[in-house]
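Fold and contact review
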Amino acid sequence: MGAQTENSELIKRTFGKYLAMSILITLSATLGMMIDNVIAGNLLGSGAVAAIGMSLSVFMLFSGCAGILETGAVALCARALGNRDADRVNVLFSVSLAAALAVGAALSVGGVAGADVLATMLGAASGELHADTAAYLSGICSGAFAIVLLQLLMGFTRLDNAPQLGIVAIVGMSVCDVVFNLVAVCVLDLGLHGMDLATALAYCVAVGICCTHFPSKHNTLHLVNPVPHAGQLAGVLKTGLPDSLTRATVMVRTFTFNWLLLTVASAGAVAALSMLSSVNSFASSVTIGVGQTATLLCGIFFGEEDRGALKATLRTGMRMGLVLSCALCAAVFAFAPQVVGLFGLEGDAEAFGVVAVRAFILCVPIDLINQLLVNYYQGTGNVRAASAIAVGQSGLFAVLFALGTVWFWGATAVWTSFLVGEVVTLALQLVVASVLWRRRVAKGAAAGAAEVAANESAAPAIAGDRDGIAAGGAVVDKATLLDKMMYLPETFQADWRAFACAPMSEAVVACSQQVAAWCESHGVDGRRSYLVPLAVEEMAANAVEHGFAKTKHPAIDVKLILKHDGTLMLRMRDNGAAFNPMDLDLSAADPCSAVGIRMLRQGVREVEYQNTVGLNNVVVTLPAASQ
């Protein structure tokens, strides 16, 4: 098994482990409204569902505020972890938590006080629809602080190796929401206002569950005084900007579509759109969940300058995401009447709903690709590209299409616009990436064609995925479409080598020999050429013998990076039990054992260990002899 295959296998296992958690984090933002829609439709009628639909824009505002903080903070924290900067992680954690508390409290107070005005602004101007919308808004706004906090806390528990806690929080919230809603409607006869208060209380329960992580011994996140670091919030907001643009555009889209449907169709069409928003939230939990998993891993790998791991993450996300989204698309399309039936819609609302669901669900696989790229760009700091895609896919092109066709195509134009918006957004991305890549290739060829040719002829074969990038970092013309869309700097990961190291004793010895040969071929001095292979053998053998006892699919990734200034970096990653080889107690051990680790302790000052997203990461930095 080749080095790149080992690395890809490790990434695939980690991606799959965190994908379910990421989907649940996304689902948490709108899960309460989904449950409310189902119960209201079956117990209170289509009018209550329409009122919830009119409130959706405000609910999206809450999740948007949570999304910009959670996505921005997690992306920056992931990059800091890749750079092995634990202090910055704690600063970002503290600053974003303080911001979430402040924003959540402001939304709660303002929403409750202005519920009546908000209902009018959202289009529920009078009558029963206005009364129901205002009642629902006043209750759900009381839990705005919990909705904002929950998404952020779930993001940080996932980052801090506790993804299972988020699952517990979501399950707890869902059970409480259903129970509280049934009690409010069936026992206390509080109607729609009782439902929204029940949902707000359920979110508070979920926040309490997440908070149990931070006093535990496994917590590595620590609060610091956020006031001196308030300036860090700007970076969080900038990185999370695409998410906020998505939510803002969705709010505009929802408002516009509600108005169009009331104009060209009926309140039944608005109820169908409300139902479709719940279906959209469920489907988007898959696409956004895949994307957020990519943000977490790509942020770490970008900090490490690991091009191969970045590409493997995108490929893994694409494969897993398309399988899930296509399966979801087929199932929902086939059972659209049953899906609509879950929401208790009747009459024209039911008829509109079936058409809407089938038209909308076709866009989910394309949405998956768009969303994955948005989150990749956020993880790698390309906010401009992420923002452009976010605005396009979340509503810009859909709204333009609906405004231009709804007057002669009716409600069908609204349902079809979701697919049109996703297709146009993806097509524009492909065109822009291809044009920019051709310009980059032309520039690279003019500036350094001779140097690229010399490097290619002199350098040995390199294991790993280097498509489109020569050994010296220059752009070459052979590149896949994925290479073109990654937008990495030309000097990113200039000289590196990934080594095969299967989790077996004989493979560990072979890997050590390969490392020694590579060091010799690259002119690494004798001391480092001896020390690094020995350390690889010791640490990999320790993982094989002791770390994988409870690991179903063990994998080890070994990489050497030789920087332009001569600095040599060894990075080992495995998915075994958390263990820092530098903490190994050698005082009572045989003096002849663990020779590589003993030499590392004596001769290397910079050895860093982290356990991030369930992976052990050891980074050893050895400066050139002259440094």
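Below you will find a few notes about this structure.

Section: the overall build of the chain
Looking only at helices and strands, the chain features 22 helices and five strands. Counting all 627 residues of the chain, 58% fall into the buried class. When contacts within the chain are restricted to residue pairs at least 6 apart in sequence, long-range pairs at least 24 apart make up 78% of them. Carbon and sulfur atoms provide 65% of the accessible area of the chain, an area that totals close to 23,900 Å².

Quick word on unusual backbone geometry
Working note: non-glycine residues mostly have negative phi, and peptide bonds are mostly trans. For D189, which is not glycine, the phi torsion reads 55° and is therefore positive. Within the element layout of this structure, D189 appears in the loop between helix 8 (163-187) and helix 9 (191-211). What makes D189 exposed here is its relative accessible area of 64%.

As for the environment of G235
In this structure, G235 sits in helix 10 (residues 232-239). With relative accessibility at 29%, the residue G235 sits in the partly exposed group. Along the chain, G235 and L92 lie 143 residues apart, while their C-alpha atoms are 9.4 Å from each other.

Some thoughts on the environment of S505
Tracing the backbone shows S505 in helix 20 (residues 505-521). Overall, the relative accessible area of 48% leaves S505 in the partly exposed class.

Overview of the pattern of salt bridges
Taken as a whole and judged by the stated rule, the model has five salt bridges. A salt bridge links D483 to K311; its shortest N-O distance comes to 3.0 Å. Of this pair, D483 sits in helix 19 (residues 481-486) while K311 sits in helix 13 (residues 307-334), and the two are 172 residues apart along the sequence. Both residues of the pair, D483 and K311, belong to the buried class. Notably, a salt bridge pairs K559 with D557, separated by 3.9 Å at the nearest N-O pair. The class for D557 is buried, based on a relative accessible area of 0%. Taken together, the shared-partner salt bridges connect D557, K559, R571 and R573 into one network.

Description of the side chain of T295
Assignment of secondary structure puts T295 in helix 12 (residues 267-304). The buried category is assigned to T295, whose relative accessible area is 3%. Within the structure, T295 has its side chain in polar contact with the side chain of N375 (distance 3.0 Å). Residues within four places of T295 in sequence aside, it is in contact with A75, A78, N375 and G379.

Examining the packing of aromatic side chains
Enumeration according to the criterion identifies eight aromatic pairs in this entry. Here the aromatic rings of F401 and W409 are separated by 6.4 Å at their centres, their planes lie at 75°, and the arrangement is edge-to-face. Residue F401 is classed as partly exposed on the basis of its relative accessible area of 23%. Connected via pairs of aromatic rings, a cluster forms that spans F93, F156 and F214. Residue placement shows R358 over the ring face of F333; its charged tip is 5.4 Å from the ring centre.

Structural notes on the state of the cysteines
The full count for this structure, using the stated rule, is zero disulfides. No disulfide involves C363; its sulfur sits 8.4 Å from that of C329, the nearest cysteine.

A look at the pairing of strand 4 (residues 606-612)
Two elements, strand 4 and strand 5 (residues 615-622), share seven bridges in a ladder whose sense is antiparallel. Opposite T612, over in strand 5, you have L615 as the bridge partner. Counted between consecutive antiparallel strands, the loop separating strand 4 from strand 5 contains two residues, among which V613 sits at a positive phi close to 45°.

Let's talk about a nonpolar patch on the surface
Together, I167, V171, V175, V179, V183, V187, L188 and L190 give the surface a local cluster of nonpolar side chains, amounting to about 670 Å² of exposed area. Summarising the element assignment, V171 is placed in helix 8.

Things to note about the side chain of D196
Here D196 lies in helix 9. Apart from the residues lying within four places of it in its own chain, the contact partners of D196 are A135, Y136, L137, G139 and I140.

What about the nonpolar core?
Counting residues in each nonpolar core, the largest one holds 142 residues, and the members touching the most others are F257, L310, F360 and W415. It is helix 12 that provides the largest number of residues to this core, a total of 18 residues. Among residues more than four places away in sequence, those in contact with L310 are C298, F301, F302, Y376, T380, M486, L488 and F492.

A word on the packing of helix 11 (residues 241-264) against helix 17 (residues 383-409)
Two numbers describe how helix 11 lies on helix 17: the axes approach to 8 Å, and their chain directions differ by 5°. Taken as axis vectors, helix 11 and helix 17 run roughly parallel relative to one another. Here the residues of the contact of helix 11 with helix 17 are counted per class, giving 19 nonpolar, seven polar and one charged.

Focus on the environment of Y609
Relative to the helices and strands, Y609 resides in strand 4. Separated by 525 residues in sequence, Y609 and R84 have C-alpha atoms that sit 8.2 Å apart.

What counts and what doesn't
Numbers given to residues run from 1 along each chain, matching the order in which its sequence is written. Under the rules for a predicted model, residues below a pLDDT of 70 receive no local features and side-chain atom pairs below 80 are neither given nor counted, while totals for whole chains, interfaces and linings still include all residues. Each side-chain value is derived from all of the structure's non-hydrogen atoms; neither hydrogens nor water enter the calculation. By definition, any uninterrupted DSSP run of H or I lasting at least four residues is a helix, any uninterrupted run of E lasting at least two residues is a strand, and each is numbered from the N terminus. Classification of residues uses two cut-offs on accessible area relative to the type maximum, computed with a 1.4 Å probe and protein chains only: under 20% is buried, over 50% is exposed, and between them is partly exposed. In what follows, residue pairs with any heavy atoms lying within 4.5 Å of each other are defined as contacts. Only the protein chains shown count as covering a residue, and every accessible area follows the Shrake-Rupley method with a 1.4 Å probe. We define a salt bridge as a contact between a side-chain nitrogen of Lys or Arg and a carboxyl oxygen of Asp or Glu at a distance within 4 Å. Within 3.5 Å is the distance limit for a polar contact, defined as a pair of N or O atoms, with the added protein rule that one can donate a hydrogen and the other accept it, and that residues adjacent in sequence qualify only through two side-chain atoms. Stacked, tilted and edge-to-face are the three classes applied to pairs of Phe, Tyr and Trp rings, where Trp contributes its six-membered ring and a pair requires centres within 6.5 Å; stacked means planes under 30 degrees apart, edge-to-face means over 60, and tilted covers the rest. Criterion for a charge above a ring: Lys NZ or Arg CZ within 6 Å of the ring centre, and within 35 degrees of the ring normal. By definition, disulfides here are pairs of cysteine sulfur atoms that lie within 2.5 Å. By definition, two strands form a pair when at least two bridges between them are found by DSSP. To count toward a patch, a residue needs a relative accessible area above 30% and no salt bridge. Like charges then connect within 9 Å, nonpolar side chains (Val, Leu, Ile, Met, Phe, Trp, Tyr) within 5 Å. Residues grouped as a nonpolar core are buried Ala, Val, Leu, Ile, Met, Phe, Trp, Tyr and Cys residues, joined through side-chain atoms within 4.5 Å. Here an angle of 0 to 180 degrees is reported between the N-to-C directions of two axes, which are lines fitted to C-alpha atoms, with helices fitted over the stretch in contact. Note on angle classes: values under 35 degrees are labelled roughly parallel, values over 145 roughly antiparallel, values of 65 to 115 roughly perpendicular, and the remainder oblique. Under the scheme applied, nonpolar residues are Ala, Val, Leu, Ile, Met, Phe, Trp, Tyr, Cys and Pro; charged residues are Asp, Glu, Lys and Arg; polar residues are all the others, including Gly.

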